[in-house]
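Here's the letter readout for the chains.
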Amino acid sequence: MEALAIGSAPPRPPGLALPPLTRHHHLLLHRSKTLAPRRLVAAAPMDAAAAAAGRGGPAPPRCARAETDSEDAVATTSSPHSAEAAGAAEQGNGAPAPVADAADVEGVDGIRIRRRPVTGPPVHYVGPFQFRLENEGNTPRNILERIVWDKEAEMKERRPLYMLKGPLENAPPVRDFVGALKASFDRTGLPALVAEVKKASPSRGVLREDFEPVQIAQTYEKNGAACLSVLTDAKYFQGSFDYLDAIRNAGIQCPLLCKEFIVDAWQLYYARLKGADAVLLIAAVLPDLDIKYMLKICKILGMAALVEVHDEREMDRVLGIDGVQLIGINNRNLETFQVDISNTKNLLEGERGQTIAQKGIIVVGESGLFTPDHISFVQDAGVKAVLVGESLIKQEDPGKAIAGLFGKDISPVSAA
Ligand SMILES: O=P(O)(O)OC[C@@H](O)[C@@H](O)c1c[nH]c2ccccc12
């Protein structure tokens, strides 16, 4: 294993130069005509969201006043790289750069959500009064944005990275997540099951009242799950890193996926020390450069990364990244909660499917799978693994429910 780059930020991989400034110019210059007119409102010196954003996370959003337009606008960025680019724009010629509206930042680095709240333009001092432009920038527009903003805030409470060094050295050895998926597929001829230990979700509420994570994990393993996925987000999924820990220490052999909204490399180290063998990287949340960077850290830590996509654009982005071994196609849109299992098929059709086959990438069909027909449908579409939560966890014995989902018993004992 390579040395762990802990205590200091792992170096930016060679060849990953910052994108040239011009890549962002259209975003900086273009202004939406559809935005509602803005109003000036009297404001407290700093509201809570602005204060949170201003506390200085890894990549504070930058704001600048529009130069060419009388109407003030707000710029934000969704990645460290675009933030740096915006900074360069300010410094380059000494003049304030034209900026984008909140609505225009959709699509920065290929991600639609805004990674951080827009803080709004600076407070204006007018005699004894202070004014601040009112806009929608401090309100999340969808659930994914809300979760990610909260996660960024959570990150501010974390222990410093160097404090993870000791516990990381004592972490349980890594298990081969990809190998387990392949072995299961070869053994059963059916998509390998990643069974999810999930108490609740924002879209479905509480899925199981009497929630015993270790027992659930044990029955999943006994009944043929190749790997397990453990929700660790507390606020929206009632998950916990303690569940990961407890499952790992209960003697479960299945490799474990840490199901978390990863926004910061720190979480990768933390997941590993809690026993994770794989992590989820969501393309709707992470720009390409962050995915590349995090893949390298995963490699150093020996963990697999399941890179999740939901649409063609995200799939194309991820197919352009070297070193991706596992792609998850989420049938659930995390912004609207709509589930459509034909999404898996659509994203695997034509050239995309061929590229995936050439690269030897394993595709995991995720969400909304309830019946043997659903499993056959996604298998025919080309997946070699499935990620299933609700349809199992809601049954009295979630493990026994596996045979119902696949239409046959896939437990290792029955195959022997
Ligand atoms: O419960 P379902 O519909 O079987 O879905 C499981 C899994 O795909 C879903 O929990 C999931 C997929 N991607 C995510 C990202 C974050 C949180 C949860 C998820």
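Heads up: the structure comes first, above all this text.
Keep in mind that this is a model prediction, so the values were computed, not measured.

Our next topic: the overall build of the protein chain. In terms of helices and strands, the protein chain carries 18 helices and 13 strands. Scored against the burial criterion, the 416 residues of the protein chain give a buried share of 54%. Counting only contacts in the protein chain whose residues sit at least 6 apart along the sequence, the fraction spanning at least 24 positions is 72%. Taken as a whole, the protein chain presents about 18200 Å² of accessible surface, with 52% of it coming from carbon and sulfur.

Before going further, it helps to spend a moment on the site of the ligand. In the region of the ligand, 16 residues are neighbours, and Glu196, Lys198, Glu308, Ser367 and Gly389 sit closest. Take Ser367: an N or O atom from its side chain is 2.7 Å from an oxygen atom of the ligand. A distance of 3.0 Å is found between an oxygen atom of the ligand and a backbone nitrogen or oxygen belonging to Gly368. Within the complex, 99% of the 440 Å² of free accessible area of the ligand lies under protein.

With that settled, the discussion passes to the sheet that holds strand β9 (residues 278-282). Within the closed barrel, the eight strands sit side by side as β4-β7-β8-β9-β10-β11-β12-β13. Their pairing is parallel. Each strand of the sheet is rotated relative to its neighbour by a mean of 25 degrees, with strand direction disregarded. As defined by bridge partners, strand β7 (residues 227-231) adjoins strand β8 (residues 256-259) across four bridges and the pair is classed as parallel. In the sheet register, Leu228 faces β8, and the bridge partner there is Leu256.

Phi is positive for Gln238, close to 50 degrees, though the residue is something other than glycine. You can call Gln238 partly exposed: its relative accessible area is 34%. Phi is positive for Phe337, close to 75 degrees, though the residue is something other than glycine. For Phe337, the position within the fold is in the loop between β11 (326-330) and α13 (342-348).

Take the side chain of Asn333 next. Relative to the elements of secondary structure, Asn333 occurs in the loop between β11 and α13. For Asn333, a relative accessible area of 16% gives the class buried. Reaching out from Asn333, the side chain makes a polar contact with the backbone nitrogen of Thr336 at a distance of 3.3 Å.

It is worth spelling out the environment of Gly189 at this point. Counting through the fold element by element, Gly189 comes out in the loop between α6 (177-188) and β4 (192-197). What makes Gly189 partly exposed here is its relative accessible area of 39%. When the C-alpha atoms of Gly189 and Gly224 are compared, they prove to be 13 Å apart, with 35 residues separating the residues in sequence. Excluding its chain neighbours within four sequence positions, the residues that come into contact with Gly189 are Ser184 and Gln379.

Let's shift gears to the packing of aromatic side chains. Think of a pair of aromatic rings as described by two things: how far the centres are apart, and how the planes are tilted against each other in angle. Considering all chains together, one arrives at four aromatic pairs under this definition. Arranged with centres 4.8 Å apart and planes meeting at 65 degrees, the rings of Phe241 and Tyr270 form a pair that is edge-to-face. Separated by 29 residues along the polypeptide, Phe241 in helix α9 (residues 241-249) and Tyr270 in helix α10 (residues 266-273) bring together distant segments of the chain. Connected via pairs of aromatic rings, a cluster forms that spans Phe241, Trp266 and Tyr270.

Right, let's talk about the side chain of Lys274 for a bit. Among the structural elements, Lys274 can be located in the loop between α10 and β9. Ignoring sequence-local partners within four residues, the contact set of Lys274 consists of Phe241, Asp242, Leu244 and Asp245.

Okay, the nonpolar core next. Core analysis: the biggest nonpolar cluster contains 106 residues, and Tyr220, Leu228, Leu268 and Leu281 have the highest contact counts within it. Every residue in contact with Leu268, bar those within four places of it in the chain, is listed here: Ile262, Val279, Leu281, Met294, Ile297, Cys298, Leu301 and Met303.

Our focus in this paragraph is the pairing of β9. Of all five residues making up β9, five are buried, and the element is well covered by its neighbours. Summarising the sheet, β8 and β9 pair through two bridges and their orientation is parallel. Pairing of Cys258 across the sheet is with Val279, part of β9. Note: β9 against strand β10 (residues 304-309), five bridges, orientation parallel. Its bridge partner lying in β10, Ile282 is registered against Glu308.

Below, the discussion takes up the packing of helix α12 (residues 312-319) against helix α14 (residues 350-359). Packing of α12 against α14 brings their axes to within 11 Å, and their N-to-C directions diverge by 30 degrees. Judged by the angle between their axes, α12 and α14 are roughly parallel. Where α12 crosses over α14, the handedness of that crossing is left-handed. Taken together, the residues of α14 that come into contact with α12 (itself represented by Glu312, Met315, Asp316 and Leu319) are Arg352, Thr355, Ile356 and Lys359.

Along β10, six of the six residues are buried, which leaves the element largely enclosed by surrounding structure. Covered by surrounding structure in β10 are Ala304, Leu306 and Glu308 together with Ala305, Val307 and Val309, the residues of both alternating faces. Taken together, β9, helix α11 (residues 288-301) and β10 constitute a β-α-β crossover, and its handedness is right-handed. Two strands pair when backbone bridges link them, and β10 and β11 are joined in this way by four bridges, in the parallel orientation.

Criteria and cut-off values
- Residues numbered from 1 in each chain as written.
- Predicted model: local features only at pLDDT ≥ 70, side-chain atom pairs only at ≥ 80, totals over all residues.
- Heavy atoms only, no water.
- Helix = DSSP H or I, 4+ residues; strand = E, 2+ residues; numbered from the N terminus.
- Buried < 20%, exposed > 50% of the residue type's maximum accessible area, 1.4 Å probe, protein only.
- Contact = heavy atoms within 4.5 Å.
- Areas by Shrake-Rupley, 256 points an atom, 1.4 Å probe, with all protein chains shown as cover.
- Near = heavy atom within 4 Å.
- Polar contact = N/O pair within 3.5 Å; in protein donor to acceptor, adjacent residues only side chain to side chain.
- Pairing = 2+ DSSP bridges.
- Axes fitted to C-alpha atoms, helices over the stretch in contact; angles between N-to-C directions.
- Phe/Tyr/Trp six-rings, centres within 6.5 Å; stacked < 30°, edge-to-face > 60°.
- Core = buried A, V, L, I, M, F, W, Y, C linked by side-chain atoms within 4.5 Å.
- Parallel < 35°, antiparallel > 145°, perpendicular 65-115°, else oblique.
- Left-handed = near helix turned anticlockwise from the far one by under 90°.
- Right-handed = clockwise from strand over helix to strand, strands pointing away.

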